[in-house]
Amino acid sequence: MRLFPLFADLHGRQVLVVGGGAVAQRKAGALLQAGAQVRVGAPAFTPELQAWGQAGRVTLLQGGFDPTWVAGAWLVVAATDERAVNAEVARIAGAQRLWVNVVDDPELSSFQVPSIVDRSPLVIAISSGGAAPVLARRLRERMESLLEHTLGRLAALAHAQRAAIRQRFPQMTQRRAFYDWLCDGPVAAHLRAGDDAAAQAALQAMLDSGQPEPPGRIVLVGAGPGPAAALTLGGLRALNEADVVCYGRGVSDEVRALARRDADQLATLLEGDALWRELADHAVGGRCVVLLRAGAGLALDRARVMALGLDGLQWEAVPGVS
Ligand SMILES: C[C@@]1(CC(=O)O)c2cc3[nH]c(cc4nc(cc5[nH]c(cc(n2)[C@H]1CCC(=O)O)[C@@](C)(CC(=O)O)[C@@H]5CCC(=O)O)C(CC(=O)O)=C4CCC(=O)O)c(CCC(=O)O)c3CC(=O)O
Ligand SMILES: NC(=O)C1=CN([C@@H]2O[C@H](COP(=O)(O)OP(=O)(O)OC[C@H]3O[C@@H](n4cnc5c(N)ncnc54)[C@H](O)[C@@H]3O)[C@@H](O)[C@H]2O)C=CC1
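Counting from 1, residues in each chain are numbered in the order their sequence is written. Note on labels: chains are lettered from A, ligands numbered from 1, in written order. Only residues with pLDDT of at least 70 are given local features in this predicted model, and only at 80 or more are side-chain atom pairs given and counted; all residues enter the totals for whole chains, interfaces and linings. With hydrogens and water excluded, all non-hydrogen atoms of the structure serve as input to the side-chain values.

An unreviewed UniProt entry annotates the chain as precorrin-2 dehydrogenase originating from Verticiella sediminum. The Pathway (unreviewed entry) comment attached to the chain in UniProt states, word for word, "Porphyrin-containing compound metabolism; siroheme biosynthesis; sirohydrochlorin from precorrin-2: step 1/1." UniProt positions are given in the numbering used here, feature names are shortened, and annotations may be inferred rather than shown by experiment. Per UniProt, the chain carries the Catalytic activity (unreviewed entry) text "precorrin-2 + NAD(+) = sirohydrochlorin + NADH + 2 H(+)".

## Some remarks on the sheet that holds strand 2 (residues 37–42)
Pairs of strands are assigned from DSSP output, requiring at least two bridges between the strands. Secondary structure elements follow DSSP: runs of H or I no shorter than four residues count as helices, runs of E no shorter than two count as strands, and numbering proceeds from the N terminus. Strand order in the open sheet made by the five strands is 3-2-1-4-5, with parallel pairing throughout. Two strands close off the open sheet at either side, each with one partner strand: strand 3 (58–62) and strand 5 (99–102). The mean angle between the axes of side-by-side strands here comes to 20°, regardless of whether they run parallel or antiparallel. Where strand 4 (residues 75–78) and strand 5 come together, four bridges link them in parallel fashion. Bridge assignment links Leu-75 to a residue of strand 5, and that residue is Trp-99. Across the sheet, helix 1 (residues 22–33) is in contact with strand 1 (14–18), strand 2, strand 3, strand 4 and strand 5; its angle to strand 2 comes to roughly 165°. The axes are straight lines fitted to the C-alpha atoms, using for helices just the contacting stretch, and the angles between their N-to-C directions are given from 0 to 180°. Contact criterion: two residues are considered in contact whenever any of their non-hydrogen atoms come within 4.5 Å of each other.

## Quick word on helix 3 (residues 83–95)
Multiply 1.5 Å by the residue count of a helix minus one, and that product is the helix's expected span. Over its 13 residues, helix 3 extends 18 Å from the first C-alpha to the last, a length consistent with the 18 Å expected when each residue adds 1.5 Å. Listed as buried for helix 3 are Asn-86, Val-89, Ala-90, Ile-92 and Ala-93. Along its buried surface, helix 3 packs onto strand 1, strand 4 and strand 5. At the C-terminal side of helix 3, Arg-97 shows a positive phi close to 60°. For every residue, the accessible area obtained with a 1.4 Å probe (protein chains only) is divided by the maximum for its type, and the residue is called buried under 20%, exposed over 50%, and partly exposed between those limits.

## Looking at the state of the cysteines
Two cysteine sulfurs form what is called a disulfide whenever their separation falls within 2.5 Å. Applying the stated criterion across every chain yields a total of zero disulfides. Considering cysteine sulfurs only, Cys-288 is the nearest to Cys-246, which forms no disulfide, with 11 Å between them.

## Focus: the UniProt feature "domain: Sirohaem synthase dimerisation" (unreviewed entry) in the chain
The UniProt record marks residues 151–207 with the feature "domain: Sirohaem synthase dimerisation" (unreviewed entry), using the residue numbering of this structure. Summarising residues 151–207: 86% helix, 0% strand, and an end-to-end C-alpha distance of 20 Å.

## Brief notes about the site of ligand 1
Near ligand 1, the surroundings consist of 21 residues, among which Lys-27, Ser-115, Ser-128, Arg-137 and Arg-140 are the closest. Taking Ser-128, its side chain carries an N or O atom lying 2.6 Å from an oxygen atom of ligand 1. Contact with the protein chains hides 65% of the accessible area of ligand 1, taken as 1000 Å² for the molecule alone. Sorting the residues of the shell around ligand 1 by element identifies helix 1, strand 5 and helix 4 (133–146) as the ones contributing at least two each. Here the shell around ligand 1 gets five residues from one element, more than from any other, and that element is helix 4. Classifying every residue of the shell around ligand 1 gives nine nonpolar, seven polar and five charged. A molecule or strand has a residue near it when one of that residue's heavy atoms lies within 4 Å. Residues adjacent in sequence count toward polar contacts only when both atoms are side-chain atoms; beyond that, a polar contact is any pair of N or O atoms within 3.5 Å, and within protein one must be able to donate a hydrogen and the other to accept it. Using a 1.4 Å probe, accessible areas were evaluated by the Shrake-Rupley method; residue-level cover was limited to the displayed protein chains. Only Asp, Glu, Lys and Arg are considered charged, only Ala, Val, Leu, Ile, Met, Phe, Trp, Tyr, Cys and Pro nonpolar, and every remaining residue, Gly among them, polar.

## Considering the pattern of salt bridges
It is possible for side chains of opposite charge to pair when their charged atoms get near one another. What makes a salt bridge here is a side-chain nitrogen of Lys or Arg within 4 Å of a carboxyl oxygen of Asp or Glu, nothing more. Summed over the entire model, instances satisfying the criterion amount to 15 salt bridges. Measuring nitrogen to oxygen at the nearest pair gives 2.7 Å for the salt bridge that ties Arg-192 to Asp-311. Taken as a pair, Arg-192 in helix 8 (residues 186–192) and Asp-311 in the loop between helix 13 (302–307) and strand 12 (314–318) lie far apart in primary sequence, 119 residues in all. Several salt bridges converge on common partners, so that one network encompasses Arg-83, Asp-104 and Asp-105.

## A word on the domain arrangement of the chain
Those domain boundaries reflect an automatic or database domain assignment. Looking at the chain, the domain boundaries give domain 1 (14–113), domain 2 (150–209) and domain 3 (217–318). Spacing between the C-alpha centres of domain 2 and domain 3 amounts to 29 Å. Of the residues lining the interface, six residues belong to domain 2; the matching set on domain 3 comes to four residues. Two parts placed together each lose some accessible area under a 1.4 Å probe, and the buried area is that loss summed for both. Approximately 330 Å² of surface area, both sides summed, lies buried where domain 2 meets domain 3, with 50% of it carried by carbon and sulfur atoms. Among the residues domain 2 hides against domain 3, the three largest losses belong to Ala-189, Arg-192 and Ala-193. Together they make up 76% of the total. Taken together, the connections running from domain 2 to domain 3 amount to one salt bridge. Connecting domain 2 to domain 3 are one residue pair in polar contact (both at pLDDT 80 or more). The element that contributes the greatest number of residues to the side of domain 2 that touches domain 3 is helix 8, accounting for three residues. Its residues placed into classes, the side of domain 2 that touches domain 3 shows three nonpolar, one polar and two charged.

## Let's talk about the nonpolar core
Judged by nonpolar contacts, the single largest core of 19 residues is most densely connected at Val-17, Leu-31, Val-38 and Val-40. Secondary-structure elements contributing two or more residues to this core are strand 1, helix 1, strand 2, helix 2 (47–54) and strand 4. Here the element with the most residues in this core is helix 1; it accounts for four residues. Once residues lying within four places of it in the same chain are set aside, the contact partners of Leu-31 are Leu-10, Val-15, Val-17, Ala-36, Val-38 and Val-77. We call a set of buried residues a nonpolar core when its members are Ala, Val, Leu, Ile, Met, Phe, Trp, Tyr or Cys and they connect through side-chain atoms within 4.5 Å of each other. By size, the runner-up hydrophobic cluster in this structure holds 17 residues, among which are Ala-238, Leu-239, Tyr-247 and Val-251.

Rendered as structure tokens:
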């Protein structure tokens, strides 16, 4: 590892960007995101940088690089299109032991700027160490599509409850289990479905009870053509574990009789989203719900389940003989 990754707190700290072109603008923009006080010095600026200057978001220093500009800076970025100027900026900043990023010379840079996936407070920084910046960018684009945008809100929720979580789960092993539940269970699912209030309530309920509620389980079982003998072994096993059996048209009494004795049995004629929701409602408190349908049974629509924010539950399908 040639470069050591670290996360710098630039809030309220002065950073100097030398150069006023597209690259200087990109660096200045990222620094502003991090709350830095950005000063940009160049003979000419992009329209965007000029606008930021007028709005007071950055301070513009007009003219060619002047060594006095580095005074007060914590970091310096050399982003002109003149190699000699960039090298001079690196020399002056380096002499004062300031960290300097030289956009056209990884060798002269004492720090480089990574590709950033921002799910604040979660942040991922990717570096190729200057070997191939485009690879870093491509990897970022893949991660952007992979990581839900609600990840940041999940981390923020965890942050807000950090003390309560420690108090409720004093041992590290308990906390690990809790965090697994937080990421895999209903809180994350509610956030993905855009229901922040429900996410907060689920987290609060967990902190109150201290019991990671096991996720409910829903098994879609195909009952086969009718007689109990045609039920698959998987179907039979699910019926034995069921707390609730929802059955559709054409399911024989013979098959229903195989369910666990104290399971609730309910006929349902619902379809689509209403059906998925009904099954999820029955699965509260970690219950096992079996949907019995004649023939092959109902196919599991994972995309729909996810869209409805019900993927915190365990969904399975045991197709029957059709
Ligand atoms: C060393 C480093 C110094 C530094 O910190 O700036 C550096 C150096 C150079 N970049 C060059 C070119 C390009 N850089 C990009 C993109 C990014 N470059 C970034 C960082 C870094 N670039 C640092 C290393 C980081 C690492 O390796 O991990 C990113 C990650 C961050 C950011 O800049 O904000 C950002 C992606 C952000 C994102 O989208 O996620 C693109 C693609 C594009 O713009 O789409 C091209 C055009 C294609 C090409 O030419 O390769 C050139 C040649 C210039 C020339 O030939 O004139 C040099 C100089 C050299 O290699 O010598
Ligand atoms: N690190 C990176 O991600 C990338 C780096 N590059 C490198 O960055 C350089 C700059 O790229 P762009 O911003 O697109 O160029 P640009 O031509 O848009 O901007 C250059 C800027 O430097 C300023 N400048 C020139 N002489 C100066 C001086 N003496 N003092 C202060 N400012 C001065 C100009 O006024 C202008 O604002 C490129 O030459 C290239 O080598 C290019 C692409 C990506």
